[in-house]
Amino acid sequence: TNIWIMHKSSSNQKWLKIIFYLLGVFFLLILLQMFVPFFQNIMQGPVFLVPFIIFAVLGAILFRLTLITKLQKKQKMFFLICSISATGVFISIFLHNFFYAISTILENIAFLALTATALEILFFFVAIIICPIAFIIGYIGSIVLLLKQN
């Protein structure tokens, strides 16, 4: 079944929960990768990005499923916060690195280099602080509502 064109609400809700729980698993994997030396040693080089990419893709899938599934207003809001912040982490990391490269290339043009550096710092904070906090809020809110539903 293609989850991008599903129309059966019960099937959508099943997939929504599966993707939601997978997001939690990959969020924990990313935390382990960032803060536990054993996982830091395993996840080096290009492999480092794999959990972030999967996390972002799962966030995009959750976003789409949230839009096409009939949910209560609060539940939809928390799933959207969760999905947007999950996808936002990878996008912000990409933009942080993009603006770092631009600031390096434009280092002789002061205003443009400073603007690119400011954007680099902004996207760093979005990726490292704002998106993870928003994800945690969306995830906990979704879990509370799912538990109340059961």
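Residues numbered from 1 in each chain as written. Predicted model: local features only at pLDDT ≥ 70, side-chain atom pairs only at ≥ 80, totals over all residues. Heavy atoms only, no water.

**Student:** Hey, could you run me through the overall build of the protein in this one?
**Tutor:** Within the protein, the secondary structure is distributed over 5 helices and 0 strands. Written out in order from the N terminus, the α and β elements of the protein read α-α-α-α-α. Taking the principal axes of the C-alpha coordinates as reference, the protein spans close to 60 × 35 × 30 Å. Considering the protein as a whole, with its 150 residues, one finds that 37% of them fall into the buried category. (Helix = DSSP H or I, 4+ residues; strand = E, 2+ residues; numbered from the N terminus. Buried < 20%, exposed > 50% of the residue type's maximum accessible area, 1.4 Å probe, protein only.)

**Student:** Mind showing me how you'd approach the confidence of the model for the protein here?
**Tutor:** Detailed conclusions should not be drawn from predicted coordinates in areas where pLDDT is low. For the protein, per-residue confidence averages 91 on the pLDDT scale, and 94% of positions sit at 70 or higher. This stretch, residues 1–6, has a pLDDT under 50; its non-local contacts, to residues over four places away or in other chains, come to 12 contacts. (pLDDT = per-residue confidence, 0-100. Contact = heavy atoms within 4.5 Å.)

**Student:** What exactly am I supposed to notice about helix H3 (residues 50–68) here?
**Tutor:** Owing to its 3.6 residues per turn, the α-helix aligns residues three or four sequence positions apart on the same side. Taking 1.5 Å per residue as the helical rise, H3 with its 19 residues ought to reach 27 Å, and the 27 Å between its terminal C-alpha atoms agrees with that figure. The set of residues buried in H3 consists of Pro51, Phe52, Phe55, Ala56, Leu58, Gly59, Ile61, Leu62, Leu65 and Thr66. (Expected span 1.5 Å × (residues − 1).)

**Student:** I tried to follow the layout of surface pockets on my own but got confused; where do I start?
**Tutor:** Using a probe with the size of a water molecule, rolled over the atoms, empty space left in the structure can be pinpointed. In this structure, the largest pocket encloses a volume near 370 Å³. Taken together, 17 residues form the lining of the largest pocket, with Ile30, Met34, Phe52, Ala127 and Ile128 sitting closest to its centre. Split into classes, the residues belonging to the lining of the largest pocket amount to 16 nonpolar, 1 polar and no charged. (1 Å grid on protein atoms, 1.4 Å probe; cavity = no way out; pocket = protein on both sides within 12 Å on 5 of 7 lines; lining within 4 Å. Points joined across faces, edges and corners; volume = space filled by probe spheres on them. Nonpolar A, V, L, I, M, F, W, Y, C, P; charged D, E, K, R; others polar.)

**Student:** Please explain the packing of aromatic side chains as it appears in this structure.
**Tutor:** For any pair of aromatic rings, geometry is given as the distance between the ring centres together with the angle between the planes. Inspection of the entire model under this criterion finds 12 aromatic pairs. For the ring pair Phe38 and Phe39, a centre distance of 5.4 Å and an interplane angle of 85 degrees mean the geometry is edge-to-face. Residue classification places Phe39 among the partly exposed positions, given a relative accessible area of 25%. (Phe/Tyr/Trp six-rings, centres within 6.5 Å; stacked < 30°, edge-to-face > 60°.)

**Student:** How do you make sense of helix H4 (residues 73–105) when you look at a structure like this?
**Tutor:** Taking 1.5 Å per residue as the helical rise, H4 with its 33 residues ought to reach 48 Å, and the 46 Å between its terminal C-alpha atoms agrees with that figure. In H4, a bend of some 25 degrees at Gly88 exceeds every other bend along the element. (Bend = angle between axes of the 7 residues up to and from the residue.)

**Student:** Can you walk me through the nonpolar core in this structure?
**Tutor:** In a soluble, globular protein the nonpolar side chains are often hidden away together inside. If you look at the biggest cluster of nonpolar residues, it comprises 25 residues, and the most contacted ones within it are Phe20, Leu23, Phe55, Leu62, Phe79, Cys82 and Phe135. Those elements that place two or more of their residues in this core are helix H1 (9–35), H3, H4 and helix H5 (110–149). Top element by residues in this core is H1. It accounts for 7 residues. Filtering out sequence-adjacent residues up to four positions away, Phe55 remains in contact with Leu23, Phe26, Phe27, Ile30, Ala86, Val89 and Phe135. (Core = buried A, V, L, I, M, F, W, Y, C linked by side-chain atoms within 4.5 Å.)

**Student:** Honestly, the environment of Val89 in this entry has me stumped. Any pointers?
**Tutor:** By secondary structure assignment, the location of Val89 is in helix H4. Spatially, the C-alpha atom of Val89 lies 21 Å from that of Thr115, the residues being 26 residues apart in sequence. In this view, Val89 contacts Phe52, Phe55, Ala127, Cys131 and Pro132; residues no more than four positions away in its chain are not counted.

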